[in-house]
Amino acid sequence: MSEIIEVTPKKRVLSCIQPTGIPTLGNYLGALKNWKNMQDEFECIYAVADLHAITVRQEPAALRKNIYSMFALLLALGIDPEKSIMFIQSHVPEHAQLSWLLSCYTQFGELSRMTQFKDKSAKHADNVNAGLFTYPVLMAADILLYKPDFVPVGADQKQHLEIARDIACRFNGIYGDVFTVPEAYIPKIGARVMSLQDPTKKMSKSDENLNSFVGMLDSRDDIIRKFKRAVTDSEACVRLSEDKPGVSNLIGIYSAVTGKTAEEVEREFDGKGYGEFKLAVGEAVADALNPIKEKYDSVISDKAYLEQLYKTGAENAERIARKTYFKAMKKVGYVL
Ligand code: ATP
Ligand code: LTN
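Read on for a plain summary of the structure. The structure presented is a predicted model; accordingly, all values stated were derived computationally and were not measured.

## A word on the packing of aromatic side chains
By convention here, two paired aromatic rings are described through the distance between centres and the angle between planes. Tallying each qualifying case throughout the model produces 16 aromatic pairs. The interplanar angle of 0° and the centroid separation of 4.5 Å between the aromatic rings of Trp35 and Tyr46 together place this pair among those described as stacked. With Trp35 in helix H1 (residues 25-37) and Tyr46 in strand E2 (residues 43-48), the pair connects residues that are eleven residues apart, well separated along the chain. Trp35 gets classed as buried once you look at its relative accessible area, which sits at 1%. Between the aromatic rings of Tyr254 and Phe269, the centroid separation amounts to 5.6 Å while the plane-to-plane angle is 75°, which identifies the pairing as edge-to-face. In this pair, Tyr254 is assigned in helix H10 (residues 245-258) and Phe269 in the loop between helix H11 (262-268) and helix H12 (274-299), connecting sequence segments 15 residues apart. According to the relative accessible area criterion, Phe269 is buried, its value standing at 4%. Taken together, the ring pairs in this structure connect Tyr105, Phe171, Tyr175 and Phe179 into an aromatic cluster. Here Lys226 stacks its cationic end above the ring of Phe213, 5.3 Å away from the centre of that ring.

Written out as structure tokens, the structure reads:
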């Protein structure tokens with residue numbers, strides 16, 4: 001008698017990252033590290049969100065270079081193009097197309113409440129463009145086109161994910177089941193890595209103070225130097241506490257790269273000074289990032305290989321995106 005094997009389809013994951021510079025340790029621990037780990041359990045789709053990048057003015061040559069670097073970095077992180085779909089957002093026109101449709105189902109008021117819009121328009125007061133305002137709609141399109149179950153992001157993107165869920169529910173409420181309503185997947189440790197110079201602010205690659213963030217491709221010496229200079233406090237005690245944001249941030253980073261719990265870290269450095277602790281954090285981070293840097297160096301110069309991968313990736317992505325986009329268009333009443 002033949003046996004019937006039931007195969008449950010894998011749940012789907014989608015995420016994107018903007019090519020606005022070399023990602024930081026914050027991007028890595030808050031999002032990218034999970035991208036690699038999720039590949040075995042889930043069907044994963046990852047994109048370089050280049051359309052999002054121009055909400056802030058970009059120099060053309062730098063943008064082009066950053067798109068290549070970010071795509072190469074995904075490979076260096078261990079994203080396997082045989083297992084996962086990886087592509088460049090602008091290569092799949094349905095993202096911009098669905099974004100227009102969804103923008104007509106998104107309220108001005110809800111976009112006005114986005115903290116990223118408020119922060120970025122304050123920071124770039126001379127260029128508060130409409131794209132910066134509608135950025136979450138494009139992000140909703142990125143997500144909803146692929147019907148993912150989970151979206152791995154850092155804690156700062158939670159609000160954008162909520163709006164994507166609201167838009168999906170609103171659209172489904174009018175037209176029936178078109179979109180899947182996704183869940184955010186935010187890591188417990190590393191969800192919000194703070195600046196090394198001002199631990200009340202999130203670590204950001206666009207910070208003017210270069211000592212405030214660790215870039216994923218920084219040299220070992222630079223990484224250790226930046227941790228040695230990290231702002232702490234005068235208590236000289238390695239302890240997790242709300243009134244010790246600098247030390248707590250370093251404990252979080254050390255936990256995230258070594259897999260040790262905060263209590264284990266506190267025990268390990270009991271009675272030891274900040275000098276020894278900061279050096280250990282710097283070395284552990286450099287050890288964690290080194291294999292990524294080595295792999296990046298080996299793929300970045302192979303333009304033909306990268307091109308072949310992003311072309312195949314876009315074809316595979318578009319096959320999925322097109323179906324959802326046409327379904328949404330048809331429901332709205334367009335003649336197809
Ligand atoms: P910028 O710092 O230039 O404003 P960004 O780093 O916030 O950009 P992205 O590069 O698009 O923006 O972020 C990619 C991913 O990294 C997102 O999932 C975001 O939530 C996560 N992320 C960004 N900063 C941090 C941080 N400090 N800690 C944890 N996760 C972060
Ligand atoms: N806004 C995100 C980048 C992004 C994204 C997405 C993340 C664009 N489209 C879709 C998840 C899913 C950010 O991290 N700043």
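Now that the structure is up, let's keep going.
## Things to note about the site of ligand 2
In the neighbourhood of ligand 2, 13 residues make up the surrounding shell, with Cys16, Tyr135, Met139, Asp142 and Gln157 lying closest. A distance of 3.5 Å separates a nitrogen atom of ligand 2 from a polar atom in the side chain of Gln18. The side chain of Gln157 places a nitrogen or oxygen atom 3.1 Å from a nitrogen atom of ligand 2. Contributing elements (two or more residues each) for the shell around ligand 2: strand E1 (12-17) and helix H7 (130-144).

## Some points on H12
Taking 1.5 Å per residue as the helical rise, H12 with its 26 residues ought to reach 38 Å, and the 38 Å between its terminal C-alpha atoms agrees with that figure. At Leu289, H12 shows its largest kink, close to 35°, and the proline Pro291 lies no more than four residues downstream.

Each value, and the rule that gives it
Residues numbered from 1 in each chain as written. Chains lettered and ligands numbered in written order. Predicted model: local features only at pLDDT ≥ 70, side-chain atom pairs only at ≥ 80, totals over all residues. Heavy atoms only, no water. Phe/Tyr/Trp six-rings, centres within 6.5 Å; stacked < 30°, edge-to-face > 60°. Helix = DSSP H or I, 4+ residues; strand = E, 2+ residues; numbered from the N terminus. Buried < 20%, exposed > 50% of the residue type's maximum accessible area, 1.4 Å probe, protein only. Lys NZ or Arg CZ within 6 Å of the ring centre and 35° of its normal. Near = heavy atom within 4 Å. Polar contact = N/O pair within 3.5 Å; in protein donor to acceptor, adjacent residues only side chain to side chain. Expected span 1.5 Å × (residues − 1). Bend = angle between axes of the 7 residues up to and from the residue.

On their own, these measurements won't tell you what the molecule is for.
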